[in-house]
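Topology and contacts: notes
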Amino acid sequence: MGFISYSLNYYIDELQKIEASSANTETVYHAKQLLKMLDDLLDEGYTELNEALESTCQGVSRLRKYLYDNNAEPFSVYKRSISKSEAAYDREETELIYAINELVAGATENKATTENPFLTNIICFCNWVGYEKDTAYLFLLRDTLLPYIYYQAKNRTRIYPWLLGRKTLEAIAGKECIDDEIRASIIKALEVGKCKDYNGFCNFVLQDIRNTLRNYPKIEKCFVDLLSEIKEKHIIVVESGCSGTFPMMLKSLDDRVDLRMYTTYPYLLNIYGDRIYSKKYEENRLFETLYSQDSYLQFSSLKDNSFYVTKCLNEEIKKNAFAEAKSVICGG
């Protein structure tokens, strides 16, 4: 069991359904999404699923042919004007809150905004997430930096930015790819059929994640302690998408947690249901690859329950990050 085996079975089944039915707007759109998931994996450097799918059933070629035969273009893959390898970062680390405040100050002084139309979607997403009483809003950075800034610009309290990602877990436990082990609980639930609805999904996934975290007591203690600092009755974890790995990890540690994500994979839409803002998986990389969220801040360390980052020194990245933040602040 695992991501590759589940994904192979999923793609084989979906391809058979698409090819067996008459082509229409819905089937073509679904084929485009299926291919986009594969293209995004390649863009992030993961080749195994593409290679396995092609060697097993020529799945990638069949998807491309299906789109070609129906006069449809694949969703484009976003290309950065500056690669991460070209970006230089400050040697001195800064506490995350101060780094965000410096970004906001720079954005406020900056006259330029961005013409990127996707920022309107982010503001709509924030309005959809809402702001309820007795509720804390926990923004998982880097991908929800702009939503956090939007909430901050509205003078909302009970908002928390956490730089929680793969590097964070590695830094705490001293081991790579722990997030893959946690994500495996989600895939396992799909494979063994424990996912007829969100509650059934949670019953399986949360216990399985807790079992995994027992192998990493430092991670478990760190985030139990961080969550205990939040005193509200409810905690909404806000993330861009797609698997819900980190929101589900936090939910396994604190039953106050619920999640809101911009989008998810098609095979998780029915599970997460109304916790998902958009069915347009293809927009996820637009969310993740904004300069402010993808490149401006880099995780440095987590100590004394505070996140520390290093800031990008590249002037073009800084200029674009300021413009994106300015647009969100002004657009609210």
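It should be emphasised that the depicted structure is a prediction, and the values quoted were computed from it without experimental measurement. (Residues numbered from 1 in each chain as written. Predicted model: local features only at pLDDT ≥ 70, side-chain atom pairs only at ≥ 80, totals over all residues. Heavy atoms only, no water.)

Here the focus is the overall build of the protein. The helix and strand tally for the protein stands at 16 helices and seven strands. By the compact-globule yardstick of 20 Å for 332 residues, the protein fits well, its C-alpha radius of gyration being 20 Å. A separation threshold of at least 6 residues defines the contact pool for the protein, and within that pool the share at least 24 residues apart is 70%. Averaging the positions of the 41 positive and the 49 negative side-chain charges in the protein gives two centres separated by 3 Å. (Helix = DSSP H or I, 4+ residues; strand = E, 2+ residues; numbered from the N terminus. Rg over C-alpha atoms; globule rule 2.2 N^0.38 Å. Contact = heavy atoms within 4.5 Å. Lys, Arg positive; Asp, Glu negative; His and termini not counted. Charge placed at Lys NZ, Arg CZ, Asp CG, Glu CD.)

A word on the packing of helix 1 (residues 3–20) against helix 9 (residues 178–192). Look at helix 1 against helix 9: their axes get within 9 Å of each other, and the N-to-C directions meet at 45°. What the angle tells us is that helix 1 and helix 9 run oblique. By crossing handedness, the relation of helix 1 to helix 9 is classed as left-handed. Here Phe 3, Ser 5 and Tyr 6 of helix 1 lie close against helix 9, whose contacting residues are Ile 187, Leu 190 and Glu 191. (Axes fitted to C-alpha atoms, helices over the stretch in contact; angles between N-to-C directions. Parallel < 35°, antiparallel > 145°, perpendicular 65-115°, else oblique. Left-handed = near helix turned anticlockwise from the far one by under 90°.)

With parallel pairing, the four strands of this open sheet are ordered in space as 3-2-4-5. With one partner strand each, in any of the chains shown, strand 3 (159–163) and strand 5 (257–261) form the two edges of the open sheet. Between one strand and the next, the sheet's axes are offset by a mean angle of 25°, whatever the strand orientation. Relative to strand 4 (residues 234–239), strand 2 (residues 135–141) is paired through five bridges, and the arrangement is parallel. (Pairing = 2+ DSSP bridges.)

What follows covers the sheet that holds strand 6 (residues 297–303). Spatial strand order, 1-7-6: three strands in an open sheet with antiparallel pairing. A strand with exactly one partner marks an edge of an open sheet, and here the two such strands are strand 1 (94–95) and strand 6. Relative to strand 7 (residues 306–311), strand 6 runs antiparallel, the two sharing six bridges. Opposite Leu 302, over in strand 7, you have Phe 307 as the bridge partner. Helix 8 (residues 166–173) rests against strand 6 and strand 7 of the sheet, and its axis sits at about 30° to strand 6.

Turning our attention to the nonpolar core. With 109 residues, the main nonpolar core has Trp 162, Phe 201, Phe 223, Met 248, Leu 250 and Tyr 272 as its most contacted residues. Counting residues per element, this core draws most heavily on helix 10 (residues 198–213), which supplies eight residues. If we skip the residues at most four places from it in the chain, Trp 162 touches Leu 96, Leu 138, Phe 139, Leu 140, Leu 141, Phe 223, Leu 226, Leu 227, Ile 230, Leu 250 and Phe 307. By size, the runner-up hydrophobic cluster in this structure holds five residues, among which are Ala 87, Tyr 89, Tyr 291 and Cys 312. (Core = buried A, V, L, I, M, F, W, Y, C linked by side-chain atoms within 4.5 Å. Buried < 20%, exposed > 50% of the residue type's maximum accessible area, 1.4 Å probe, protein only.)

Moving on: the environment of Glu 95. Within the secondary structure, Glu 95 sits in strand 1. Considered as a pair, Glu 95 and Lys 303 are 208 residues apart in the sequence and their alpha carbons are 9.9 Å apart. In this structure the side chain of Glu 95 is engaged in a polar contact, spanning 3.3 Å, whose partner is the side chain of Ser 306. (Polar contact = N/O pair within 3.5 Å; in protein donor to acceptor, adjacent residues only side chain to side chain.)

Bringing the packing of aromatic side chains into the picture now. For any pair of aromatic rings, geometry is given as the distance between the ring centres together with the angle between the planes. All told, the structure shown has 27 aromatic pairs when counted by the stated rule. The interplanar angle of 15° and the centroid separation of 6.2 Å between the aromatic rings of Tyr 6 and Tyr 10 together place this pair among those described as stacked. Of this pair, Tyr 6 and Tyr 10 both sit in helix 1, four residues apart, which is roughly one turn of that helix. Residues Tyr 6 and Tyr 10 agree in their burial class; the two are buried. Ring centres of Tyr 198 and Tyr 272 lie 6.3 Å apart, and the angle between their planes is 55°; on these two criteria the pair is classed as tilted. One end of the pair, Tyr 198, is in helix 10; the other, Tyr 272, is in helix 13 (residues 269–272), and 74 residues separate them in sequence. The pair formed by Tyr 198 and Tyr 272 is uniform in burial state, with each residue classed as buried. Taken together, the aromatic side chains of Tyr 6, Tyr 10, Tyr 11, Tyr 265, Tyr 267 and Tyr 281 make up a single cluster linked through ring pairs. Stacked on the ring of Tyr 151, the Lys or Arg Arg 156 has its end atom at 4.5 Å from the ring centre. When the ring centre of Tyr 308 is taken as reference, the NZ or CZ atom of Lys 303 above it lies at 4.8 Å. (Phe/Tyr/Trp six-rings, centres within 6.5 Å; stacked < 30°, edge-to-face > 60°. Lys NZ or Arg CZ within 6 Å of the ring centre and 35° of its normal.)

Under the criterion given, the structure shown has 22 salt bridges. Among the salt bridges present, the one from Glu 93 reaches Lys 303, with a minimum N-O distance of 2.4 Å. Pair noted here: Glu 93 is in the loop between helix 4 (59–69) and strand 1 and Lys 303 is in strand 6, with a separation of 210 residues, a long-range link. In this structure, the salt-bridge partner of Lys 188 is Asp 208, at a minimum N-O distance of 3.2 Å. Of this pair, Lys 188 sits in helix 9 while Asp 208 sits in helix 10; the two residues are 20 residues apart in sequence, bridging distant segments of the chain. Accessibility expressed as a relative area gives 28% for Lys 188, which makes it partly exposed. Given a relative accessible area of 15%, Asp 208 falls into the buried group. (Salt bridge = Lys/Arg side-chain N within 4 Å of Asp/Glu carboxyl O.)

Attention now goes to the state of the cysteines. Chemically, a disulfide is nothing more than a covalent bond linking the sulfur atoms of two cysteines. In this structure the tally under the stated criterion is zero disulfides. Cys 124 supplies the cysteine sulfur nearest to Cys 126, a cysteine that is in no disulfide, at a spacing of 9.2 Å. Assessed through its relative accessible area of 2%, Cys 126 is described here as buried. Of all cysteine sulfurs in the structure, the one in Cys 126 sits closest to Cys 242, which takes part in no disulfide; the separation is 17 Å. (Disulfide = S-S within 2.5 Å.)

Everything listed is a geometric property; what it means functionally is a separate question.
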